[in-house]
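Examination of the molecular architecture
Now for the letters of each chain:
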Amino acid sequence: MDLKQQLQDLLEQAQNVFSKVNGQNDLQERKAEYLGKKGVFADYMAKMKDLTPEERPTFGQTINEAKAKINAFFEDAKNRIETAEINAKLQSESVDVTLPGKEIVPGRKHILTQVVEEVEDIFVGMGYTVKEGPEVESDLYNFEMLNLPKSHPARDMQDTFFITEELLLRTHTSPVQVRSLLENTNHGPLKIICPGKVYRRDDDDMTHSHQFMQIEALVVDEKARLSDLKGTLLTLAQKLFGDTREIRLRPSYFPFTEPSVEVDVTCYKCNGEGCSMCKGTGWIEILGAGMVNNAVLEAAGYDPEVYQGFALGMGVERIAILKYGIDDIRALYTNDLRFNRQFK
Ligand code: PHE
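Residues numbered from 1 in each chain as written. Predicted model: local features only at pLDDT ≥ 70, side-chain atom pairs only at ≥ 80, totals over all residues. Heavy atoms only, no water.

Helices and strands together make up the secondary structure of the chain, namely 11 helices and nine strands. In terms of overall size, the chain is more extended than a compact globule, its C-alpha atoms giving a radius of gyration of 44 Å where 344 residues would be expected to give roughly 20 Å. Its C-alpha atoms put the chain at 130 × 50 × 35 Å along the principal axes. Of all intrachain contacts in the chain linking residues separated by at least 6 positions in sequence, the fraction that spans at least 24 positions is 66%. When the accessible surface of the chain is summed, it comes to about 19700 Å², and 51% of that surface belongs to carbon and sulfur atoms. Within the chain, the 54 negative side-chain charges are centred at a point lying 6 Å from the centre of the 41 positive side-chain charges. (Helix = DSSP H or I, 4+ residues; strand = E, 2+ residues; numbered from the N terminus. Rg over C-alpha atoms; globule rule 2.2 N^0.38 Å. Contact = heavy atoms within 4.5 Å. Areas by Shrake-Rupley, 256 points an atom, 1.4 Å probe, with all protein chains shown as cover. Lys, Arg positive; Asp, Glu negative; His and termini not counted. Charge placed at Lys NZ, Arg CZ, Asp CG, Glu CD.)

Take a look at the structure:
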């Protein structure tokens, strides 16, 4: 067979092979086979040496032309494979813009946190500082220095989780009163609030929880009077429950305040007319308060002839329940998102 015919066959074969090449690996193998150093042309090149110098250029040119053609088959195959790859990738990464989007639900603060922050804002606006105290508290600060000695019957009002005889889970935020008084060594004017968790031995039900939150407020200086407490309470009630609310003080008893009061606000649902919310009375109880008992001032080293003060303690859950008409205190702790998301 003459050379031309051989090359013609080779070209036909190569065209056929490259047109069927499938994938990059296959392509590279075929490329080595036809165009590589040890490929099909190696034999032809070896024949060069048997030719006369006159024959060589035409022979070389013929070979080179054949090689160029095969290279063109290779380029075609390469383009075809790359285009197929790109198309496959586009296909697999395509985004269906007509699909409905995923809703992004932003988180929001828990309703108790919202109430705490609202009350904090009210008091900070009146010049108070926000303080914190430990939840594991000493009997000394939780009871003793608040005029509740060990045998005091009023201790039963706050059924206590004791850790040791001297250590307990605080039953109220009032120990922060003691801490603040003791820290205030120069006896300068004191105006603090303290939000935080408190604990009492209770069976949990719709209205009771063994752990809940309180916000304590304490003012002590040389002329903090009951009328100041009253003004503070009115401001608080109106900011929390509406500008037209009124308050009334009922005599009460706490060992650490004297006199002590229970604070009612006019019902915001019926405006004092009487409804199911206020059980027909027109009034809703919101917190306890009073003038700091001299015994508390003395225990903390303050002369009651010089200093006086007032304090109040409110239940955060109670405020939230009243403000938002929540019927089960446990809803505040179970973190059901359907519940939590209601409060913007
Ligand atoms: N500590 C009281 C309670 O938990 C509330 C209170 C605080 C009352 C401050 C008067 C003054 O019931």
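Anyway, onward from the coordinates.
Turning our attention to empty space enclosed by the protein. As enumerated under the stated definition, the model contains one cavity of 30 Å³ or more in all. Size it by volume and the largest cavity reaches roughly 40 Å³. Along the walls of the largest cavity sit L148, A154, M157, Q158, H172, P255 and F256, which together make up its complete lining. Its residues assigned to classes, the lining of the largest cavity shows five nonpolar, two polar and no charged. (1 Å grid on protein atoms, 1.4 Å probe; cavity = no way out; pocket = protein on both sides within 12 Å on 5 of 7 lines; lining within 4 Å. Points joined across faces, edges and corners; volume = space filled by probe spheres on them. Nonpolar A, V, L, I, M, F, W, Y, C, P; charged D, E, K, R; others polar.)

Within the element layout of this structure, R155 appears in the loop between α6 (139–142) and β3 (167–169). A distance of 2.9 Å separates the side chain of R155 from the side chain of D139, its partner in a polar contact. In terms of polar contacts, R155 uses its side chain to reach the backbone carbonyl oxygen of L148, at 3.1 Å. (Polar contact = N/O pair within 3.5 Å; in protein donor to acceptor, adjacent residues only side chain to side chain.)

Spacing of three or four residues puts side chains on the same side of an α-helix, whose turn is 3.6 residues. Here helix α4 (residues 55–92) contains 38 residues, and its C-alpha end-to-end distance of 56 Å stays within 8% of the 56 Å for a straight helix at 1.5 Å per residue. In this structure, the buried side of α4 is in contact with α1 (3–20), α2 (24–35) and α3 (41–47). (Expected span 1.5 Å × (residues − 1).)

The next subject is the pattern of salt bridges. What the rule picks out here adds up to 18 salt bridges. Here K150 ties to E144 by a salt bridge, and the two come within 4.0 Å at their closest N and O atoms. In this structure K150 comes out as partly exposed when scored by relative accessible area, which is 44%. On the basis of relative accessible area, E144 is assigned to the partly exposed category, the value being 32%. (Salt bridge = Lys/Arg side-chain N within 4 Å of Asp/Glu carboxyl O. Buried < 20%, exposed > 50% of the residue type's maximum accessible area, 1.4 Å probe, protein only.)

The element strand β7 (residues 257–266) is extensively covered by neighbouring structure, given that eight of its 10 residues are classed as buried. Counted between consecutive antiparallel strands, the loop separating strand β6 (residues 247–254) from β7 contains two residues. Where β7 lies against strand β8 (residues 283–292), eight bridges are found, and the strand directions are antiparallel. Across the sheet, the residue bridging to V265 is I284, located in β8. (Pairing = 2+ DSSP bridges.)

Each assigned domain of the chain is listed here: domain 1 (3–92) and domain 2 (111–340). Here the C-alpha centroids of domain 1 and domain 2 sit 92 Å apart. (Domains from an automatic or database assignment.)

Moving on to the packing of α1 against α2. For the pair α1 and α2, the least separation of the axes is 10 Å and the interaxial angle reads 165 degrees. As the angle between them shows, α1 and α2 are arranged roughly antiparallel. At the point where α1 passes α2, the crossing takes the left-handed sense. From α1, L10, Q13, A14, V17, F18 and K20 reach across to α2, where they touch D26, L27, R30, K31 and Y34. Here the contact of α1 with α2 is built from residues that sort into six nonpolar, one polar and four charged. (Axes fitted to C-alpha atoms, helices over the stretch in contact; angles between N-to-C directions. Parallel < 35°, antiparallel > 145°, perpendicular 65-115°, else oblique. Left-handed = near helix turned anticlockwise from the far one by under 90°.)

What follows covers the packing of helix α5 (residues 111–124) against helix α10 (residues 316–324). Running from amino to carboxyl end, α5 crosses α10 at an angle of 100 degrees, the nearest separation of the two axes being 9 Å. As judged from the angle between their axes, α5 and α10 are roughly perpendicular. Listed contacts from α10 to I111, L112, V115, V116 and E118 of α5 are V316, E317, I319, A320, K323 and Y324. Each residue belonging to the contact of α5 with α10 can be placed in one class, and the counts come to eight nonpolar, no polar and three charged.

On to the layout of surface pockets, then. Computed from the structure, the largest pocket encloses a volume of approximately 1200 Å³. Looking at the lining of the largest pocket element by element, the count peaks at seven residues for β8. Considered class by class, the residues forming the lining of the largest pocket number 22 nonpolar, 14 polar and 10 charged. The computed volume of the second largest pocket comes to approximately 150 Å³. What lines the second largest pocket is V116, E120, V130, K131, E132, G133, E135, R170, P195, G196, K197 and M213. Of all the secondary structure elements, the ones that give two or more residues to the lining of the second largest pocket are α5 and β4 (190–199). Of all the elements, β4 adds the most residues to the lining of the second largest pocket, at three residues. Split into classes, the residues belonging to the lining of the second largest pocket amount to four nonpolar, two polar and six charged.

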